[in-house]
Amino acid sequence: MLKYIQKRLIISAITLFIILTLLFVLLEFMPGSPFNDEKLSPDQRTLLYKKYNLDKPLYIRYIAYMKNVILKGDFGNSYAIQKDAPVSELLKNRLSISIRLGIQSLILGSFVGLVFGIVAAVKKNSRLDTLTTIFAVIGISVPSYVFALGLSYFLGYKLKLFPFTYDIYRSFESSILPTIALSMFVIATVARFMRTELVEVLETEYILLAEAKGLKAKKVIIKHSIRNALIPVITVLGPITVSLMTGSLVTERIFGIPGIGDLLVTAIGVNDFNVVISIAFFYSVFYILMMLIIDVLYGIIDPRIRVAKEVN
């Protein structure tokens with residue numbers, strides 16, 4: 001497993017290098033400029049391009065940019081959103097808010113979804129199973145911002161149980177409603193996958209044999225069935241985790257959350273290339289990291305997978 005992880009880390013580093021290169025080159029060919037202000041004269045634009053070294057050839061800027069990123073972790077300064085401010089400073093507070101909100105949504109959604117899925121599988125074809133299926137369909141079909149609007153209006157505005165806009169001085173209380181809104185899709189997805197996989201596992205021969213030997217149903221479900229049903233659930237949680245931790249734009253806008261999703265859209269709108277590249281790069285880092293964690297979890301849950309990887 002250790003050799004496999006080392007191999008994946010090397011591949012991940014190469015992948016991130018390629019991604020950063022593509023982002024830098026693609027944004028170079030995007031229409032527009034960070035200095036689209038009509039009030040700027042041609043001479044002023046020329047001075048700004050010179051100030052930020054944008055007047056130099058692409059390969060020179062690319063080499064300088066990659067050196068700063070790889071050796072110093074410096075993604076440059078903002079051109080438009082907050083002029084001359086380091087991109088790392090812009091991301092620092094916003095990224096922490098989006099990640100914290102994403103972790104809360106993931107924990108809540110995974111726990112509730114697993115409970116719903118297990119109950120639905122054990123009580124197959126019952127009313128509980130039907131209700132869980134209906135909830136899963138609604139949770140997957142309805143966008144999170146619809147839940148966000150409903151929660152904000154009824155629980156926030158009407159009943160005043162929670163703050164309906166984000167308050168940095170009451171960060172936890174004001175994050176409850178967006179956490180619930182974002183977790184609805186997670187609950188529905190986990191419940192659906194868990195229910196489907198657990199039903200199949202409960203009907204396999206080795207589970208039927210364990211029951212025939214007199215093992216208690218609770219022990220069979222907890223010790224044998226759930227563990228084998230978790231692998232597909234963990235697989236689907238990877239991309240969901242990345243999307244949650246990197247922010248949900250509409251939900252952030254509804255609750256006034258100063259997260260990373262809102263910053264990305266703003267940066268694209270004003271052609272703040274350094275900010276766009278840094279956020280897209282962090283998206284890639286999160287995604288690759290989650291895929292690595294998922295592979296490790298595969299080996300923990302099912303030793304056969306770990307053995308197969310070590311052989312390869």
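The sections below set out a description of the structure shown in this document. It should be emphasised that the depicted structure is a prediction, and the values quoted were computed from it without experimental measurement. (Residues numbered from 1 in each chain as written. Predicted model: local features only at pLDDT ≥ 70, side-chain atom pairs only at ≥ 80, totals over all residues. Heavy atoms only, no water.)

## Quick word on the pattern of salt bridges
- For the structure on display, the rule yields 5 salt bridges.
- For Arg61, the salt bridge identified is with Glu28, shortest N-O distance 2.9 Å. Of this pair, Arg61 sits in helix α3 (residues 58-72) while Glu28 sits in helix α1 (residues 2-28), and the two are 33 residues apart along the sequence.
- Looking at Arg61, the relative accessible area reads 12%, which means it is buried.
- Taking the shortest distance from any N to any O, the salt bridge between Lys51 and Asp84 comes out at 3.2 Å. Note that Lys51 is positioned in helix α2 (residues 42-51) and Asp84 in the loop between α3 and α4 (87-122), a separation of 33 residues in sequence. (Salt bridge = Lys/Arg side-chain N within 4 Å of Asp/Glu carboxyl O. Helix = DSSP H or I, 4+ residues; strand = E, 2+ residues; numbered from the N terminus. Buried < 20%, exposed > 50% of the residue type's maximum accessible area, 1.4 Å probe, protein only.)

## Focus on α4
- Relative to the 52 Å expected for 36 residues at 1.5 Å per residue, α4 spans 50 Å between its end C-alpha atoms, a close match to the ideal helical length.
- At Asn93, α4 shows its maximal bend, which comes to roughly 30°. (Expected span 1.5 Å × (residues − 1). Bend = angle between axes of the 7 residues up to and from the residue.)

## Describing the side chain of Asp129
- The residue Asp129 is located in helix α5 (residues 127-141) in this model.
- Owing to a relative accessible area of 4%, Asp129 belongs among the buried residues under this scheme.
- One polar contact links Asp129 to Arg195, side chain to side chain, over a distance of 2.7 Å.
- Look past the residues within four positions of Asp129 in its chain and what remains in contact with it is Ala120, Lys123, Lys124 and Arg195. (Polar contact = N/O pair within 3.5 Å; in protein donor to acceptor, adjacent residues only side chain to side chain. Contact = heavy atoms within 4.5 Å.)

## A look at a nonpolar patch on the surface
- Together, Ile10, Ile14, Phe17, Ile18, Leu22, Leu26, Ile70 and Leu71 line one region of the surface with nonpolar side chains, adding up to about 850 Å² of accessible area.
- If you tally residues by element for the nonpolar patch, the top one is α1, at 6 residues.
- In this fold, Ile14 is placed in helix α1.
- Taking relative accessible area as the criterion, Ile14 reaches 48% and is therefore assigned partly exposed. (Patch = residues over 30% accessible without salt bridge, like charges linked within 9 Å, V, L, I, M, F, W, Y side chains within 5 Å. Areas by Shrake-Rupley, 256 points an atom, 1.4 Å probe, with all protein chains shown as cover.)

## Considerations on the side chain of Thr21
- As for its placement among the helices and strands, Thr21 is situated in helix α1.
- A polar side-chain atom of Thr21 sits 2.9 Å from the main-chain carbonyl oxygen of Phe17.
- Leave out the neighbours within four places in its chain, and Thr21 touches Tyr62 and Met66.

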